[in-house]
Every structure is written in structure tokens, then in C-alpha cells.
Amino acid sequence: MNTLQNGVYARLLYWARPYAKRIVLAVICMILASVCGILPPWILKNVVDEVLIGKDLAVLNMLAVAMVVLYFLKALFTFGQRYLMTWAGQRVILDLRVRLYDHVQRMSLRYINGRRVGELISRVTNDVNVLQDVVTRVAVELVVQCVTVVGMLGFLVYINWKLALVALAVMPGAALLINVTSKKLRKVGHEIQEQVANLASLAQQAIASLRIVHAFATEDQELERFRIQNNINFRALMRGTRLDAALGGAVEVVVVIALSIILWLGGRFVVEGALTPGELIAFLGYLGLLVHPIRIVARSIGKIQQGLASGDRIFSLLDSPSEIASPRNAVTLPRLSGEIRFQNVHFAYESEQWVLSGVDLHVRAGETVAIVGVTGSGKSTLADMVPRFFDPQIGGVSVDGYDLRDVDLHSLRRQIGIVPQDPVLLKGSIGFNIGYGLPEVRSEQLEEAARIAGIHEFIASLPRGYLTEVGERGVTLSGGQRQRIAIARAIIRDPAILILDEATSSLDAAVEVQIQSAMQKATEERTSLVIAHRLSTVRGADRIVVLQEGAVIEEGTHGELMRCGGVYNGLYRLQLGHAEEAETEEPEGRKGVPTTGG
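Residues numbered from 1 in each chain as written. Predicted model: local features only at pLDDT ≥ 70, side-chain atom pairs only at ≥ 80, totals over all residues. Heavy atoms only, no water.

Student: Account for the overall build of the protein, naming residues and giving values.
Tutor: Within the protein, the regular secondary structure consists of 21 helices and 10 strands. Counting across all 598 residues of the protein, residues that qualify as buried make up 47%. Of the contacts made within the protein by residues no fewer than 6 positions apart, 80% connect residues no fewer than 24 positions apart. With an accessible surface of roughly 29600 Å², the protein has 60% of that area assigned to carbon and sulfur atoms. (Helix = DSSP H or I, 4+ residues; strand = E, 2+ residues; numbered from the N terminus. Buried < 20%, exposed > 50% of the residue type's maximum accessible area, 1.4 Å probe, protein only. Contact = heavy atoms within 4.5 Å. Areas by Shrake-Rupley, 256 points an atom, 1.4 Å probe, with all protein chains shown as cover.)

Student: Which residues make up the environment of Leu243, and what values go with them?
Tutor: Positionally, Leu243 belongs in helix 10 (residues 219–272). For the pair Leu243 and Val188, spaced 55 residues apart in sequence, the C-alpha separation works out to 9.1 Å.

Student: Residues and numbers for helix 7 (residues 161–168), please.
Tutor: All buried positions along helix 7 are accounted for by Leu163, Ala164 and Ala167. One side of helix 7 carries all its buried residues, which in axial view fall inside an arc of 105°. The outward face of helix 7, more than 90 degrees from its buried face, is lined by the exposed residues Trp161 and Leu165. (Arc of directions from axis to C-beta.)

Student: Would you mind going over the sheet that holds strand 3 (residues 368–372) in detail, with residue names and values included?
Tutor: Read from one edge to the other, the open sheet built from six strands follows the order 6-7-8-3-9-10, with strand pairing classed as mixed. A strand with exactly one partner marks an edge of an open sheet, and here the two such strands are strand 6 (416–419) and strand 10 (551–556). Neighbour to neighbour, the strand axes of the sheet diverge by 20° on average, direction disregarded. With five bridges connecting them, strand 9 (residues 543–548) and strand 10 associate as antiparallel partners. Following the sheet pairing, Val545 is matched in strand 10 by Glu555. Of the strands in this sheet, strand 6 and strand 7 (497–501) are in contact with helix 17 (residues 479–491), which crosses strand 6 at around 175°. Along the sheet, helix 21 (residues 567–576) makes contact with strand 3, strand 9 and strand 10, crossing strand 9 at roughly 95°. (Pairing = 2+ DSSP bridges. Axes fitted to C-alpha atoms, helices over the stretch in contact; angles between N-to-C directions.)

Student: An account of the environment of Arg299 is requested, with residue identities and associated values reported.
Tutor: Inspection of the secondary structure assignment puts Arg299 in helix 11 (residues 277–318). For Arg299, a relative accessible area of 37% translates into the label partly exposed. Separated by 53 residues in sequence, Arg299 and Ala246 place their C-alpha atoms 9.8 Å apart. Residues within four places of Arg299 in sequence aside, it is in contact with Glu141 and Asp244.

Student: Tell me what's going on with helix 17, and back it up with residues and numbers.
Tutor: An α-helical turn contains 3.6 residues, so any two residues separated by three or four positions project in the same direction. Its 13 residues give helix 17 an end-to-end C-alpha distance of 19 Å, which sits within 8% of 18 Å, the value for a rise of 1.5 Å per residue. Burial within helix 17 is extensive, with 11 of its 13 residues counted as buried. Of all the positions in helix 17, only Gly480, Gln481, Gln483, Arg484, Ile485, Ala486, Ile487, Ala488, Arg489, Ala490 and Ile491 are classed as buried. (Expected span 1.5 Å × (residues − 1).)

Worth remembering: the numbers are spatial, not functional.
What follows is the structure in C-alpha cells.
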């Protein structure tokens with residue numbers, strides 16, 4: 001645990017290095033503010049000894065002015081340390097939050113898919129917020145109060161070292177108490193942040209699935225799940241609160257015991273003439289004032305332990321390597337022709353559970369290849385290898401002869417257009433979604449891409465046209481409209497390779513017929529991978545590849561596969577019944593373009 005603590009401390013200091021000058025100035029202001037807060041009891045000592053007993057009014061005038069000046073300077077230095085430290089702390093947290101967000105975006109899909117979205121969101125938001133409070137407020141309080149404690153202890157020793165030794169005798173007990181409790185607070189801090197992540201994940205899941213919740217009338221069930229998780233979170237928070245409160249109270253009791261002993265001994269010293277009344281009052285004043293900074297130090301240590309628990313979670317995420325990244329000295333790809341080769345590709349999400357097993361496939365430049373098979377046969381996973389969303393554990397994938405592991409990811413993915421089965425639209429306008437990733441796209445390009453996708457007329461009919469907001473995840477549009485916007489988004493990039501993953505799955509037969517000519521234009525002079533369940537939509541592909549249990553078992557044209565009477569023939573007949581039993585010929589139309597069956 002101490003190693004983890006030291007690691008988090010060291011890494012926070014590393015992130016603070018660019019702002020070292022402001023932090024140093026803030027620390028100087030902290031020290032000066034603490035010194036100003038330490039001096040009042042000493043002034044009180046002189047008031048008693050020099051004014052009340054010595055009857056010196058000149059000293060009274062001087063001390064009154066000194067008190068005003070002292071607190072003015074304290075206010076000035078307190079403002080300086082708070083402003084400077086908050087500025088530096090906020091910059092550290094800003095940098096850390098941006099780095100964390102960037103790292104999460106660049107993590108492999110396999111890592112992201114294996115985590116709860118709510119947990120990742122919690123680390124980017126809640127954990128960073130907890131750490132922010134530690135860096136910008138709690139750490140400042142800790143430094144200020146520690147300096148105050150050290151200064152007051154120095155004055156105690158100066159006034160009477162014997163009484164100071166008695167006061168210091170209770171310090172080891174207080175330190176041991178703080179150490180034991182802080183370890184428990186660190187553990188509870190981990191639990192609190194974990195439960196907050198669970199709560200966020202549950203809420204995110206319920207809201208994202210609101211349609212299903214309404215459809216199955218499970219609002220009360222989801223509410224009960226949320227209530228249970230809230231109670232778990234509440235109990236974890238209260239455990240931390242109990243420990244924190246107990247620590248502060250226990251330390252205060254220890255200090256008060258010391259104060260009582262000092263009062264008894266100090267009174268005897270004054271009676272014996274070994275201590276002046278002013279010195280005793282100053283000593284008791286310092287000892288009494290020690291209660292507040294020690295209590296804040298104890299509380300700050302508890303808060304810091306919880307903050308370091310958040311730091312552990314943040315840095316553990318930052319330390320998770322991105323499995324997919326551009327290598328050093330990566331090859332920047334020129335304009336691709338689109339030739340794709342899969343060579344002995346094996347891939348598994350879980351160890352040895354192969355989703356793809358020994359796939360060998362050559363897709364020629366400009367060729368349209370349909371990939372078909374039953375659900376779970378590995379179709380989408382195979383296509384995801386092309387933009388390098390995943391790397392095979394065995395074998396390799398190359399484009400135009402370049403091994404994808406050697407190329408710059410940006411230069412690769414900019415030349416690939418993808419239309420997913422579930423089209424995801426971002427909050428923003430229709431035009432923003434079509435031109436996503438192309439900040440300088442022109443309106444003419446937007447309209448041309450929309451025409452190809454068969455969506456321009458609909459967009460033009462809207463009051464705000466391409467400026468129309470689509471809402472969160474495109475909820476204001478129908479499934480077919482979202483799909484066609486996704487098609488336009490892929491086309492506008494002028495990709496060398498086009499991947500259509502069930503691109504027409506949300507379109508009814510009438511709409512599908514309407515956009516066939518548009519899709520024909522979109523696939524011209526491009527390599528196209530078409531993933532389909534509805535086999536009638538891929539009859540015109542240059543080649544059809546049949547996957548079964550992650551392996552290529554058949555490939556050929558529609559007519560060839562129908563004549564051989566294999567798996568494809570069986571799937572096709574199963575989908576279309578016996579309406580086309582006699583069909584063995586290639587469908588008319590441009591070879592290489594998916595066409596619609598009857």
C-alpha cells in the first residue's frame with residue numbers, strides 16, 4: 001500500500017512540474033500566512049506581561065497596530081496561496097482529465113467492450129473530481145496546518161521546554177492513531193469509488209435501455225435495483241464518514257488531555273515563579289490553538305487517503321496499454337488501391353476460444369466481396385481486422401502489401417468507410433454527422449454524399465435542412481434514416497475501401513430498392529466488403545465468402561455456390577423458400593454490386 005501511495009504522490013508531482021513556479025510561490029505564501037497565524041498568542045503574552053502587569057501603554061499602542069497589520073498580511077498571503085495553488089491544481093487536473101479521456105478513446109475495442117461504460121465514465125469524471133478536491137483544497141489545508149503546527153510547537157519549546165516535552169509526549173500516540181485510521185480510510189476510499197462506478201454504470205445502462213424498460217414495464221424493477229445500489233453506496237460512504245469523524249474526535253481528545261495536564265503543571269510553575277502569567281497564557285493559547293490545525297490535519301489525511309484511492313484507479317487506467325497503436329516509425333500510407341489479404345488469421349476475444357481460425361482470403365482491388373454465414377460465424381470480426389480494430393493472435397492482415405501492424409493508423413482509417421449495422425449518430429446537426437471528422441467539408445460535398453445515400457430529399461424537406469439537430473444518438477430519426485446518414489458519412493470520405501456491415505438492415509424492401517443505384521455508384525472503383533444475413537442482397541457481388549465457425553468453407557459467385565449445393569445453397573433456400581429453386585444463373589446487372597432479390 002505504501003508503494004502505491006508513493007507512486008501516486010510521485011506521479012502527481014510529475015504532472016505538477018510544468019506549474020512548479022506557481023506552486024513554489026503558493027508554498028511561500030502558505031508559510032507566511034501560517035507565520036502570521038502563529039504570532040497572536042505571542043502578542044497576547046506581551047499584553048499580559050508588559051501592559052496589564054507592567055502598565056506600559058506605549059507597548060499597548062504598538063501591539064494593537066501590530067495585530068491589525070498582522071491579520072492584513074495574513075489575509076493577503078492566504079489569498080495568494082489559495083489562488084496560486086488552486087490555479088496550479090486545476091491545471092494539473094485539467095491535464096490529467098484530458099489525458100485520461102484521450103487514453104480511453106485510444107484503447108482497443110476489446111478492452112472497452114470488456115468494461116462497463118459507467119465505470120469508465122466514473123473514472124473520467126467522479127474519480128478525477130475527488131482527486132481535484134485533494135489537489136486544490138485538501139493538500140493546501142494540510143500544508144498550511146502542518147506549518148502552523150510546527151511553528152506553534154517551536155514557540156512552545158521556546159516558552160518552556162519542560163512543558164513542551166509533556167505536550168510532545170502525546171504526539172506519538174496521535175500519530176499512531178492517524179496512521180492506523182488512514183490505512184482503513186484508504187481501503188474504504190477504494191470501496192466508495194467502486195460503488196459510485198457501479199451506480200453510474202447501472203444508471204447509464206437503464207437510461208440507454210429505456211425503450212426496453214418501457215416495453216417490458218420494468219420501471220419498478222429498475223428503480224428497486226437502483227435503490228439497492230444507492231443503499232450500498234450510502235453504507236460505504238457512511239463507513240468512511242464514521243472513520244473520518246472518529247479520527248478527528250480521537251485526536252482532539254488526545255490534545256485536550258495534554259492541555260489539561262499542561263494547565264495543572266503550568267499553574268504550579270507560575271506560583272513557583274518559574275513562569276510568568278503571560279508565558280502561561282501564551283503557552284495555553286498555543287496549545288489550545290493546536291487543536292484546530294491538528295484536527296484539520298487528521299481530517300485532511302483521511303481525505304487524501306480517499307483521494308489517493310481515486311488516484312490509484314485513474315493511474316491504473318492510464319497504465320493499461322493500448323493494444324492497438326501506431327508503431328514507432330510507422331508507414332504513412334499513400335492513396336490505397338484497396339487490395340486486402342488475410343493470411344492464416346486466428347483471433348480470439350478470450351484465450352484459445354477462436355472466433356476466426358486459419359482464414360486465408362485475398363480481396364482484389366475494386367472487388368466487391370460479400371461475407372455471409374450464420375450468427376457468430378465471425379463475419380464482423382473479420383471485417384474489423386481491416387481498419388485494425390483488432391490484431392490477430394496468429395497470422396496477419398495487409399492492405400496493398402502493407403502489414404497493418406506497420407502502418408500509421410490515421411492514414412489507414414482515413415481511407416476506409418464503414419457503415420455499421422447499428423448506425424451511431426452523435427449529438428449535433430445532420431450536416432455535422434455526415435461530415436464528421438472533416439472540419440472543412442463543403443455543403444456541396446454534403447449534398448452529393450446525401451444524394452448517393454438517398455437521403456438528400458428528406459433532409460432538404462426539413463425546416464433547417466442540414467442544420468437540423470438529430471438529438472442524442474439520432475433518436476429523432478427513423479432507423480432507415482439513421483442508416484442512410486451513416487452511408488453518406490462513409491461515402492463523403494471518398495474511401496478506397498468500403499465496409500458495409502448489414503448496411504441495409506434497417507431499410508424496408510421499397511426503400512432498399514430506391515437506393516440500389518446509389519449504392520452501385522458508391523461501390524464503383526472501391527474495394528467493398530459486404531456483410532449480410534439477407535442473402536438476396538448480395539447475389540450480385542463479385543464473390544461470396546461463406547464463414548462457418550470462424551473458417552472459410554465456401555467461396556464463389558452466387559451461381560457457382562448455388563450449383564455446388566453446399567452451405568450457401570442451404571442458407572439461401574432456407575431464407576427464400578422454394579420460390580427460386582431453379583435459379584442457378586448469375587443475376588443480371590453490374591457484376592460486383594449487391595442487388596435486391598424478389
